Amino acid sequence: MLKLATRNIGLENSHTLAVARANGAYSRLEKALAMAPEAIVEDVIKSNLRGLGGAGFPAGRKWSFLPKDSPKPRYLVVNGDEGEPGTVKDKYIMIHDPHLLIEGIIITCYAIRSHKAFIYIRGEYDLPIERMERAIAEAKDAGILGERVMGRDFALDIVVHRGAGAYICGEETSLLESLEGKRGWPRLKPPFPAVEGYQRCPTVVNNVETLSYVPFVIEMGGQAFADLGCERNGGLRMYSISGRVNKPGIYELPMGTPLRQIIYDYAGGITDGRRLKAVIPGGSSCPILTADEIDVPMDFDSLAKIGSMLGSAGIIVFDETVSLPEALLVLTRFYAHESCGQCTPCREGTAWMAKIIQRIIDGLGRPGDADNLIRVARNVLGNTICPLGDAAAMPVMSWVTKFRPEFEEWIRRGRPVSESPVPVTRIGERLERAAV
Amino acid sequence: MSIPAYQMVDHPGPVTWSDAARREIDAIFSRYPDTRSATLPIIWLAVREFGWISPQVEAILGEVLKRPLNEIHSVVTFYTMFPQRPLGRHHVQICRNISCWLANAPELLDHLIAKLGIHPGEVTTDGRFSLEAVECLAYCECAPALRIDGRYEGNLTREKIDQIIDGAR
Ligand SMILES: Cc1cc2nc3c(=O)[nH]c(=O)nc-3n(C[C@H](O)[C@H](O)[C@H](O)COP(=O)(O)O)c2cc1C
Ligand code: SF4
Ligand code: FES
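Residues numbered from 1 in each chain as written. Chains lettered and ligands numbered in written order. Predicted model: local features only at pLDDT ≥ 70, side-chain atom pairs only at ≥ 80, totals over all residues. Heavy atoms only, no water.

### Thoughts on the overall build of chain A
Line of reasoning, step 1. For chain A, the helix and strand inventory stands at 18 helices and nine strands.
Line of reasoning, step 2. Computed over its C-alpha atoms, the radius of gyration of chain A comes to 22 Å, within 12% of the 22 Å expected for a compact globule of 436 residues.
Line of reasoning, step 3. On the principal axes, the C-alpha backbone points of chain A span a range of 70 × 45 × 35 Å.
Line of reasoning, step 4. Here chain A holds 436 residues, and the buried ones make up 62% of them.
Line of reasoning, step 5. The contacts of chain A with a sequence gap of at least 6 include a subset with a gap of at least 24, amounting to 71%.
Line of reasoning, step 6. Accessible area for chain A stands at about 15900 Å²; split by element, carbon and sulfur atoms hold 52% of it.
Line of reasoning, step 7. Positive and negative charge centroids in chain A, built from 52 and 53 side chains respectively, lie 3 Å apart. (Helix = DSSP H or I, 4+ residues; strand = E, 2+ residues; numbered from the N terminus. Rg over C-alpha atoms; globule rule 2.2 N^0.38 Å. Buried < 20%, exposed > 50% of the residue type's maximum accessible area, 1.4 Å probe, protein only. Contact = heavy atoms within 4.5 Å. Areas by Shrake-Rupley, 256 points an atom, 1.4 Å probe, with all protein chains shown as cover. Lys, Arg positive; Asp, Glu negative; His and termini not counted. Charge placed at Lys NZ, Arg CZ, Asp CG, Glu CD.)

Have a look at this one:
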């Protein structure tokens, strides 16, 4: 099986410059520096490399939106916040192959003519932060970064910026506010970061994984990279899989690999041979899929076609014994906790949804609560400054719609009628106390 | 010992930056095009220096960052990782989000509560441990997971938790 971004993971000392260089690091940079910046952007557009942080926006097209004539400095901001529940991929790159990311950053900065990049890494990630900082220092000492990148007339400085615990700071405009030293309140768009980003200067925000594929686009050429994936979704990507499967982990596979294959062939199927009940395909914010929907190819367009999203490709698997209303309570509480509170529909809506689901779980559900949930979710959807509101509303709508009988059963009887073969821990009260 | 979450705790005396911290502050400023962007790294430095962010620490943060206190306070309180009261010497953050929940995290939280004798948000009387239930740590592939002293531990069982806690005493 072809591997790209995960190729060096598992090599001894893969995080050091010596090992990285012996395995290809910075050879693609050499090649890129011999190209014209515009030619790199063209090649990345041709590669169909999509933004792998969640939204799937084509990377090369995003770069091409930078204003051509602005006198202001331009910035590259790397999103290593990795907060979407179920998503665990970026840390593998930062821990095991930091030089791959640095190479991707340098090529990108050269292509967009930026001389300063920030890597925003979530505050809990001590080891990734340490590895990135060491790798940057090594690259500086080796003349790969600094005033003259690889001896060329091109200066680049990379700064690691540590987050401090806020899911919302993964959202790009919140991240920029946070980087500017403020609380992470998302900004209204437009203007988009490409026009007014960090310090109101043109800024490209890209995910760690997205940038780690840039060296391979240069290595094999945009067309060859595109051909590895499927229509309009180029190359490979790192699928995270967790929940009730035998072999949770990350799997680097072509864009468009069927979800069924990832669950059963790679992740070893459902634990204890149980039946699949439902899957979240791309991180907790994505609408849920039923067991009948898993033949879908895992690419941005195919999932959108069936009403879900590829997102960050954080697959979360639920088997037949999981009580979905309880699982949804875990998620809605999360969104209520993480709402920045700036806009009313999100601040109030996320809390109401959590409260309604809580009362259903507590056996106090009222007739009509399933509709209440959908109504609240609908009033949040599309009415907020940033997509966190949607991220909270979409799961509620899809779970309650697709698994309505289970919710109705809880509402009617206060407990599920079908006895689970495996007891599912109740969480209601415990989470309430856990608010720190 | 249980202190309401909204209450900031004073340091016993005045707080001042060490010389090493002052040098580091200069180094941090040199990385950013403006001083305001240095806010988070300098708050992190203060957490390392002083253990938690008290009103006194906010005051000296305001001085070095040349920002009004209300701005400093709004930043400090927005992020969950800036403590506003002393934590235990070992701070345990156990994940309560979806993949860990699917892997029985609630039972392990109960186990930790029983073992440490404290609830999330509290510190043991001997000051050794503090406990916090947190959202996804991005260690879902090794769920259930926790973070202690800047390190991740996954595939938790009661026995493994006992080892981790006993090892940290
Ligand atoms: C609530 C929310 C949380 C997000 N969290 C992350 C994150 O942790 N990491 C990430 O790369 N993108 C995250 N995103 C997506 C970013 O806003 C942005 O689309 C992405 O960083 C752009 O990079 P890409 O085009 O390379 O994907 C989040 C978006 C939202 C709305
Ligand atoms: S949608 Fe929610 S998280 Fe986003 S800006 Fe509004 S309140 Fe904040
Ligand atoms: S859900 Fe616990 S680490 Fe992700």
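### Focus: the confidence of the model for chain B
Line of reasoning, step 1. Taken residue by residue, chain B gives an average pLDDT of 95. The fraction at 70 or more is 96%.
Line of reasoning, step 2. For this predicted complex, the interface confidence comes out at an ipTM of 0.97, alongside a pTM of 0.96. (pLDDT = per-residue confidence, 0-100.)

### Thoughts on unusual backbone geometry
Residue and element names in this part refer to chain A.
Line of reasoning, step 1. Note that the residue after Lys189, namely Pro190, is joined by a cis bond; omega there is -10°.
Line of reasoning, step 2. Considering the arrangement of structural elements, one finds Pro190 in the loop between helix H8 (172-179) and strand S4 (203-207).
Line of reasoning, step 3. Along the chain, Pro190 connects to Pro191 via a cis peptide bond; the corresponding omega equals 0°.
Line of reasoning, step 4. With respect to the element layout, Pro191 can be found in the loop between H8 and S4.
Line of reasoning, step 5. Positive phi values are uncommon outside glycine, yet Arg232 reaches one of about 60°.
Line of reasoning, step 6. Along the polypeptide, Arg232 turns up in the loop between helix H10 (222-228) and strand S5 (236-243).
Line of reasoning, step 7. Taking the relative accessible area as the measure of exposure, Arg232 reaches 49% and is therefore partly exposed.

### Let's talk about the pairing of strand S1 (residues 90-95) of chain B
Residues and elements named next belong to chain B.
Line of reasoning, step 1. Taken across its six residues, S1 has six buried, putting it largely inside the fold.
Line of reasoning, step 2. Neither face of S1 is left uncovered, since the one carrying His90, Val92 and Ile94 and the one carrying His91, Gln93 and Cys95 both have all their residues buried.
Line of reasoning, step 3. Pairing analysis gives three bridges linking S1 to strand S3 (residues 146-148), with the strands arranged antiparallel. When the bridges of S3 are listed, Val92 appears paired with Ile148. (Pairing = 2+ DSSP bridges.)

### Topic: the site of ligand 2
Line of reasoning, step 1. Taken together, 13 residues are adjacent to ligand 2, and Cys340, Gln342, Cys343, Cys346 and Cys386 of chain A come closest.
Line of reasoning, step 2. Its residues assigned to classes, the shell around ligand 2 shows eight nonpolar, five polar and no charged. (Near = heavy atom within 4 Å. Nonpolar A, V, L, I, M, F, W, Y, C, P; charged D, E, K, R; others polar.)

### Description of the pattern of salt bridges
One side chain can pair with another of opposite charge once the charged atoms of both are near each other.
Line of reasoning, step 1. Evaluated as defined, the whole model comprises 42 salt bridges over all chains.
Line of reasoning, step 2. Here Arg28 of chain A ties to Glu103 of chain A by a salt bridge, and the two come within 2.6 Å at their closest N and O atoms. Here the residue Arg28 of chain A occupies a position in helix H2 (residues 27-33), and Glu103 of chain A occupies one in helix H6 (residues 98-112), the gap between them amounting to 75 residues. Glu103 of chain A carries the same exposure label as Arg28 of chain A, and that label is buried.
Line of reasoning, step 3. Notably, a salt bridge pairs Arg67 of chain B with Glu71 of chain B, separated by 2.7 Å at the nearest N-O pair.
Line of reasoning, step 4. What makes Arg67 of chain B buried here is its relative accessible area of 9%.
Line of reasoning, step 5. Put simply, Glu177, Glu180, Lys182 and Arg187 of chain A together with Arg36 of chain B are held in one network by salt bridges that share partners. (Salt bridge = Lys/Arg side-chain N within 4 Å of Asp/Glu carboxyl O.)

### Some words on the packing of helix H14 (residues 344-361) of chain A against helix H15 (residues 369-380) of chain A
Residues and elements named next belong to chain A.
Line of reasoning, step 1. At a minimum axis distance of 9 Å, the contact between H14 and H15 shows a crossing angle of 165°. The angle between H14 and H15 places the two elements in the roughly antiparallel class. In this structure, H14 crosses over H15, and the sense of that crossing is left-handed. Residues Pro345, Cys346, Gly349, Trp352, Met353, Ile356, Ile357, Arg359 and Ile360 of H14 lie in contact with H15, whose contacting residues are Asp369, Asn372, Leu373, Val376, Ala377, Asn379 and Val380. (Axes fitted to C-alpha atoms, helices over the stretch in contact; angles between N-to-C directions. Parallel < 35°, antiparallel > 145°, perpendicular 65-115°, else oblique. Left-handed = near helix turned anticlockwise from the far one by under 90°.)

### Quick notes on the packing of aromatic side chains
Line of reasoning, step 1. One pass over the full model with this rule turns up 19 aromatic pairs over all chains.
Line of reasoning, step 2. Taking 6.1 Å as the distance between ring centres and 70° as the angle between the ring planes, the aromatic pair formed by Tyr167 of chain A and Tyr335 of chain A counts as edge-to-face. Of this pair, Tyr167 of chain A sits in the loop between strand S3 (157-162) and H8 while Tyr335 of chain A sits in helix H13 (residues 324-338), and the two are 168 residues apart along the sequence.
Line of reasoning, step 3. According to the relative accessible area criterion, Tyr167 of chain A is buried, its value standing at 15%.
Line of reasoning, step 4. With relative accessibility at 1%, the residue Tyr335 of chain A sits in the buried group.
Line of reasoning, step 5. Through a chain of ring-to-ring contacts, the aromatic side chains of Tyr75, Phe118 and Tyr198 of chain A together with Tyr32 of chain B assemble into a single cluster.
Line of reasoning, step 6. When the ring centre of Phe216 of chain A is taken as reference, the NZ or CZ atom of Arg28 of chain A above it lies at 5.0 Å.
Line of reasoning, step 7. A cation over a ring is seen here: Arg122 of chain A above Tyr125 of chain A, with NZ or CZ 5.6 Å from the ring centre. (Phe/Tyr/Trp six-rings, centres within 6.5 Å; stacked < 30°, edge-to-face > 60°. Lys NZ or Arg CZ within 6 Å of the ring centre and 35° of its normal.)

### With respect to the sheet that holds strand S2 (residues 116-121) of chain A
All names here are of chain A.
Line of reasoning, step 1. Strand order in the open sheet formed by four strands is S3-S2-S1-S4, and the pairing between neighbours is parallel. Looking at the sheet topology across the chains shown, the edges are occupied by S3 and S4. Adjacent strand axes in the sheet meet at a mean angle of 20° when their direction is disregarded.
Line of reasoning, step 2. By the bridge criterion, six bridges tie S2 to S3 in an arrangement that is parallel.

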